[in-house]
Amino acid sequence: MTKLPISVCFISGPEAERIGRALASVAEWTSEIIVVLNQDVNDATEEIALRHGAKVYRCPWQGFREQKNLVADYASESWILQLDADEVVSDELRKELIHFFQGAEEQFVGASFPRKTWFLGRWITHGDWYPDRVLRLYRRGAGQWGGSPEHCSVELQGPEKKLCADLLHFSNPTITHYLQKFPYYSNLYLQRQLAAGERWSALAAITRSLWRFVRAYIFRRGFLDGYAGFFIAFSTAYATLFRHTRLYQHQQPASPPCHARDSR
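About the cut-offs
- Residues numbered from 1 in each chain as written.
- Predicted model: local features only at pLDDT ≥ 70, side-chain atom pairs only at ≥ 80, totals over all residues.
- Heavy atoms only, no water.
- Core = buried A, V, L, I, M, F, W, Y, C linked by side-chain atoms within 4.5 Å.
- Buried < 20%, exposed > 50% of the residue type's maximum accessible area, 1.4 Å probe, protein only.
- Contact = heavy atoms within 4.5 Å.
- Helix = DSSP H or I, 4+ residues; strand = E, 2+ residues; numbered from the N terminus.
- Arc of directions from axis to C-beta.
- Salt bridge = Lys/Arg side-chain N within 4 Å of Asp/Glu carboxyl O.

### Overview of the nonpolar core
No. 1: If you look at the biggest cluster of nonpolar residues, it comprises 36 residues, and the most contacted ones within it are I6, I33, V35, L81, V89 and L137.
No. 2: Filtering out sequence-adjacent residues up to four positions away, L81 remains in contact with I6, S7, V8, C9, V26, W29, V89, F113, R136 and L137.
No. 3: Core analysis: the next-biggest nonpolar cluster, separate from the first, contains 15 residues, I11, I80, L135 and C152 among them.

Listed below in structure tokens is the structure:
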């Protein structure tokens, strides 16, 4: 198979259990694989990456946005495909990408595609989680990761091709793994709100949380994903309330006020 002029770029922590499947989905048809590991990774992630022909580098963790820009600096091919260790290029998407490089790549500087998540024993195809279109393929020099630290994305300088096939996402093997992400993202949100000088609002906390459930479950038809769709909509609403409550907590006194000693 003629390999496409693509450098596939990963940033990774200890992902020995998942990264092999991601690497295998691109190894046969792309020209280069680059993996930037956190310095403290000590499991078999590096060994697995090398076994799939990847070039491996170790760098201190700088945050998702900065790390994703850093790994692209190591790329030597004219196009960059950025993936996470829990993402897999489906056979359908691989075929569509091969077709894209049969002339369409001359008209565009990037391509996006929907991302489909496996959760609670099924593919999620509605609600807030689908189509979850992501732009991950771009011409080197025409894209850069921007946005907030917790919601970064590629900012493209030129026209984008919208592909149809799915990137497969295996981000949450268990509910516990999913819920453990809430504190991390709420911390980033709190830091951003404090930096902007925002004040907590009860109206915003309540209405935004309720809206997230209604939007995901009703308007985006999350109910078609069965109980998993309900859980996602409900937990997304709770995550919104959780983030806003972190700001509320920060603005409360750290300890109760002192009172005069009871005279009885």
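### Some thoughts on helix α4 (residues 91-100)
No. 1: Residues of α4 that are buried: L93, R94, E96, L97 and F100. Each buried residue of α4 lies within a common arc of 165° when the element is viewed along its axis, so the set occupies one face. Exposed positions of α4 whose direction lies more than 90 degrees from the buried face are E92, K95 and H99.

### A look at the pattern of salt bridges
No. 1: Tallying each qualifying case throughout the model produces 18 salt bridges.
No. 2: Among the salt bridges present, the one from E46 reaches R58, with a minimum N-O distance of 2.9 Å. Here R58 lies in strand β3 (residues 55-59) and E46 lies in helix α2 (residues 45-51), a separation of 12 residues in the sequence.
No. 3: The class of E46 is partly exposed, set by a relative accessible area of 27%.
No. 4: Of the charged contacts in the structure, one is a salt bridge between D84 and K68, with a shortest N-O distance of 2.8 Å. Highlighted residues: D84 in the loop between β4 (79-83) and β5 (87-89) and K68 in helix α3 (residues 64-72), separated in sequence by 16 residues.
No. 5: Note on K68: relative accessible area 6%, which makes it buried.
No. 6: Because the salt bridges share partners, they merge into one network encompassing K68, D84, E87, R115, D132 and R136.

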